[in-house]
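Reading the structure
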Amino acid sequence: MASSSSSRSNIGYHVRSLSFPSTSHPTTLRVEAQLKKVQTSATPTADGICNGLSSLEDLYKSVDDLLNLPQTQQALSHYQNEKWVDEFLDGSVRILDICGSLRDLMSQIKENVRDLQSALRRRKGDLSLESSITKYTSFQKKMKKDTKRFIASLKQMEAKTAASAILDVDHHVSAVIILLRKVSTVGFSIFQSALLFVSVPVSKPKLRKWSLVSKLIYKSKVACEIQLENVERLEGSIEGIENGLEGAFRGLVRTRASLLNTISSH
């Protein structure tokens, strides 16, 4: 399979392409095809991130099928004491925690955006709306710190994904290992893109805009309506990403359960 340079330019993936022989199991080939789909469907926009998360959920379903293949379970049982097995188990719980935390963060963002949305609609008084804008700006600053922390954690996890060498394993196990590592890297990239997307409103230019609006909001009904439209679009984008993260979270839970069952049942 040729390297997909266009997908890397879309969202910053740094994953090399795979090329399995024709004897690879159909499920292995399906996972490879879905990996390519995730790479090409995800772009650093709200719709692109939602598409990427949806494709990621489908990818996790196929990975679950791969882990439940009898030949995968039998093969992995021979290597359950290897370092790379511990690596996958540790990595699976870490990325599950990150995905769950991101989902919770999106829920908080949505709640704060809706509060601001309500305040913009009411426009009951200068002090009331000014207070709502100040509260939202304060939340954005906290969110920026949380976003930096999450991105740092994702980068650390990505660096550890291919830490251990894989030696003396059969073709199927080697293919499974490569795919699992690649799936993890794709997940890291999409989660990071979601974080970067929601962190955009906390940039300094945006804060200056909010400061301007807070001063002129009652002098210009148009300004208020424009900001309301922006907030409504943001709310829709956040809800879409939140739903995508929920689907990805379910997929990660299934994948980790299958991995644990495969290793512990032999």
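Conventions and cut-offs
- Residues numbered from 1 in each chain as written.
- Predicted model: local features only at pLDDT ≥ 70, side-chain atom pairs only at ≥ 80, totals over all residues.
- Heavy atoms only, no water.
- Core = buried A, V, L, I, M, F, W, Y, C linked by side-chain atoms within 4.5 Å.
- Buried < 20%, exposed > 50% of the residue type's maximum accessible area, 1.4 Å probe, protein only.
- Helix = DSSP H or I, 4+ residues; strand = E, 2+ residues; numbered from the N terminus.
- Contact = heavy atoms within 4.5 Å.
- Axes fitted to C-alpha atoms, helices over the stretch in contact; angles between N-to-C directions.
- Parallel < 35°, antiparallel > 145°, perpendicular 65-115°, else oblique.
- Left-handed = near helix turned anticlockwise from the far one by under 90°.
- Nonpolar A, V, L, I, M, F, W, Y, C, P; charged D, E, K, R; others polar.

What about the nonpolar core?
One recurring pattern in soluble globular proteins is that nonpolar side chains are buried together. Within the largest apolar cluster, 67 residues are counted, with the highest numbers of intra-cluster contacts made by Leu56, Ile109 and Phe191. Counting only elements with at least two residues in this core, the list comes to α2 (26-41), α3 (46-67), α4 (70-77), α5 (83-122), α6 (126-161), α7 (171-199) and α9 (221-264). If one sorts the elements of this core by residue count, α5 sits on top with 16 residues. Among residues more than four places away in sequence, those in contact with Phe191 are Leu53, Leu56, Tyr60, Ile95, Ile98, Cys99, Leu102, Leu154, Leu245, Ala248 and Leu252.

Describing the packing of α2 against α7
Where α2 contacts α7, the axes come no closer than 11 Å and their chain directions differ by 20°. Judged by the angle between their axes, α2 and α7 are roughly parallel. Between α2 and α7 the crossing geometry is left-handed. The segment α2 lies against α7, with Thr28, Val31, Glu32, Leu35, Val38 and Gln39 engaging His172, Ala175, Leu179, Lys182, Val183, Val186 and Ile190. Partitioned by chemical class, the residues of the contact of α2 with α7 number 8 nonpolar, 3 polar and 2 charged.

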